[in-house]
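Okay, here's what each chain looks like letter by letter:
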Amino acid sequence: MSKFPFEVQTEDIQPLSVLSPEGEIVNPDMVPDLTDEQLKEIMYRMVFTRTWDDRAINLGRQGRLGFYAPVSGQEASMVGSVYPLQKEDFVVPAYRDMPQIVWHGLPLYQAFLYSRGHQHGGQIPEGVNVMMPQIIIGAQILHAMGIAMGFKLKKQAQVAITYTGDGGSSEGDFYEGLNFAGAFNLPVIFFVQNNGYAITTPFAKQTNAKSIAHKSVAAGIHGMQVDGMDVLAVIKAVQIAAERGRKGEGATLIEALTYRYRPHSMADDTTKYRTKDEEAEWAIKDPLVRFGKYLEKKGLWTEEDTARVKDEAKAKVNEEIKRAEKTEKMTVSGLIDSMFETTPKFLEEQKADFQ
């Protein structure tokens, strides 16, 4: 019998769940070991993330941010997937995965600078193990694979986690990354947030596979499917995957079934390809509502707590966007200097031309 009942074999699988939509424990054997303070911190981060998302959309409409990819509905998969990680682990995101790298240590104002196209947005502080979001679909998967290879060669008990959406799982880089990680038994977690659509393309038109998680079989790595609207289930899945990586047991592919309530980007119109019934069905599984009910029953959270966190998040976002706006404007000379330890002669000549 398989060690994990939700480990992918070749038959139909059911996603790992811990909480029902009503906030009841449905899988007591898979409840992650967390203190009350940790449970409250997880809820804080999810409420903060949704409030930040609301504000960032408005900032984009005001012209104060550049490209922004909405995240509401994916808080459980985003917050839950980085929460179990250690500070030394590496987070390698796609363009929508800004919450993960902020909760792993990137200052929020630098996330805003990244969106505004400022070079300082990509100058990662010392000791913060993240890469900047990758715009090229799937390219970040190869970066994470390389980082994990470095961990293995140095015999470091660290893992790398990388993200893509269901659309990204159709890219060649995805299969190359899985195959290399399987061949070299690397400590890497491939975390796919399956939102059901790659912009407008429904998942059923992307693959004839039973699930994304099943694609782990061909690569010879472990595969898991998890309820991506259930933060406790996501935490448990990543704990298992990270432990496997640290113990030298190789890579894990996690498919999180989730649903983003907002468009792919602010240029997208979901009414053209999603139905009201579908949206209502997923709204019942809202990760904040589900986890909030669980905490309320434990006496750990109230509506007043939610309101307080929203106020704190709004104030923090306003403070950080103002800091980003006050950052010294970029110059061509500054951009060139930031790229090299010693600037090549031909670029020094170009700097002189601009000056």
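Sequence positions are assigned chain by chain, starting from 1 and proceeding in written order. Whole-chain, interface and lining totals are the exception, using all residues; otherwise, since this is a predicted model, local features are given only for residues with pLDDT of at least 70 and side-chain atom pairs are given and counted only at 80 or more. Side-chain numbers come from the whole structure's heavy atoms, not from hydrogens or water.

Novice: Which parts of the structure should I look at to understand the overall build of the protein?
Specialist: Strands here are runs of E lasting at least two residues and helices are runs of H or I lasting at least four, both read from the DSSP assignment and numbered beginning at the N terminus. A count of helical and extended segments in the protein gives 13 helices and seven strands. Residue burial in the protein is summarised as follows: out of 355 residues, 53% are buried. Two residues qualify as a contact provided that any one of their heavy atoms is within 4.5 Å of a heavy atom in the partner residue. A sequence separation of at least 24 residues applies to 75% of the contacts in the protein between residues at least 6 apart. The Shrake-Rupley method, run with a 1.4 Å probe sphere, supplies the accessible areas, and residue values consider only the shown protein chains as cover. Looking at the protein as shown, the accessible area adds up to about 16,500 Å², and 52% of this sits on carbon and sulfur atoms. The averaged location of the 48 negative side-chain charges in the protein is 2 Å from the averaged location of its 40 positive side-chain charges. The rule is simple: take the accessible area with a 1.4 Å probe, protein chains only, and divide by the maximum for that residue type; under 20% is buried, over 50% is exposed, in between is partly exposed. When charges are tallied, Lys and Arg are placed among the positive residues and Asp and Glu among the negative ones, while His and the ends of the chain are skipped. A charge is said to be at NZ when it belongs to Lys, at CZ for Arg, at CG for Asp and at CD for Glu.

Novice: Sorry if this is basic, but what is going on with the layout of surface pockets here?
Specialist: Sizing a probe to match a water molecule and rolling it over the atoms shows the empty space that remains. Space inside the largest pocket adds up to approximately 330 Å³. Grid spacing is 1 Å over the protein atoms alone, the probe is 1.4 Å, and a cavity is where that probe fits but cannot get out, while a pocket is an open set with protein on both sides within 12 Å along at least five of seven lines and lining residues have an atom within 4 Å of a point. Around the largest pocket, the lining comprises 21 residues; the ones closest to its centre are Tyr95, Arg96, Gly165, Gly168 and His264. Among the secondary structure elements, those contributing two or more residues to the lining of the largest pocket are β2 (160-165) and β4 (197-198). Under the grouping applied here, Gly and all other residues not named as nonpolar or charged are polar, the nonpolar ones being Ala, Val, Leu, Ile, Met, Phe, Trp, Tyr, Cys and Pro and the charged ones Asp, Glu, Lys and Arg. Grouping the amino acids of the lining of the largest pocket by side-chain chemistry returns six nonpolar, 10 polar and five charged. Grid points are joined across faces, edges and corners, and a volume is the space filled by probe spheres set on the points.

Novice: Could you clarify how one ought to interpret unusual backbone geometry in this entry?
Specialist: Most peptide bonds are trans, and most residues other than glycine sit at a negative phi. The phi dihedral of Asn185 falls on the positive side, at around 55°, and the residue is not glycine. On the secondary structure map, Asn185 appears in the loop between α6 (172-184) and β3 (188-194). Asn185 gets classed as partly exposed once you look at its relative accessible area, which sits at 33%. Even without glycine at this site, Ile199 takes up a positive phi of about 60°. Note that Ile199 resides in the loop between β4 and β5 (201-202).

Novice: In this structure, what is going on with the nonpolar core? I would like to understand it.
Specialist: Considering soluble globular proteins, one finds that nonpolar side chains tend to be buried as a cluster. To define a nonpolar core, start from buried Ala, Val, Leu, Ile, Met, Phe, Trp, Tyr and Cys residues and group those joined through side-chain atoms within 4.5 Å. Counting 68 residues, the largest nonpolar core has Trp52, Leu232, Ile254 and Phe291 as the members making the most contacts within it. Tallying contributions element by element places helix α1 (residues 36-61) first for this core, with 11 residues.

Novice: Where do I start with the sheet that holds strand β1 (residues 90-92) in this structure?
Specialist: Hydrogen bonds along the backbone pair up the strands of a sheet, which may run parallel or antiparallel. Sheet architecture is open: five strands sit in the order β1-β2-β3-β7-β6, paired in parallel fashion. Sheet topology places β1 and β6 (222-227) at the edges, where each strand pairs with a single neighbour. On average, each strand axis in the sheet is tilted by 20° relative to the strand beside it, whichever way the strands run. With six bridges joining them, β2 and β3 adopt parallel strand pairing. Pairing between two strands is assigned when DSSP locates at least 2 bridges connecting them. For helices, the fitted line uses only the C-alpha atoms of the stretch in contact; every axis is such a line through C-alpha atoms, and the angle between N-to-C directions lies from 0 to 180 degrees.

Novice: Explanation requested: the UniProt feature "domain: Dehydrogenase E1 component" (unreviewed entry) in the protein in the structure shown.
Specialist: UniProt positions are given in the numbering used here, feature names are shortened, and annotations may be inferred rather than shown by experiment. Residues annotated in UniProt with the feature "domain: Dehydrogenase E1 component" (unreviewed entry) correspond here to residues 45-331. Span residues 45-331 is 45% helix and 11% strand, its end C-alpha atoms 35 Å apart.

Novice: How should the pairing of strand β7 (residues 252-257) be read in this particular structure?
Specialist: Two faces, one strand: in a regular strand the side chains alternate between the faces of the sheet. For β7, the tally of buried residues reaches five of six residues, placing the bulk of the element in the interior. Here β3 runs beside β7; their pairing, made up of six bridges, is parallel. Across the sheet, the residue bridging to Phe191 is Ile254, located in β7. In the sheet, β6 pairs with β7 via six bridges, with the strands oriented parallel. The residue bridging Val226 from the neighbouring strand is Ala256, located in β7. The handedness rule is simple: strands pointing away from the viewer, and a clockwise path from the first strand over the helix to the second, make the crossover right-handed. Taken together, β6, helix α8 (residues 231-246) and β7 constitute a β-α-β crossover, and its handedness is right-handed.

Novice: Sorry, what's going on with the side chain of Ser81 here?
Specialist: Within the fold, Ser81 resides in helix α2 (residues 75-82). In this structure Ser81 comes out as buried when scored by relative accessible area, which is 0%.

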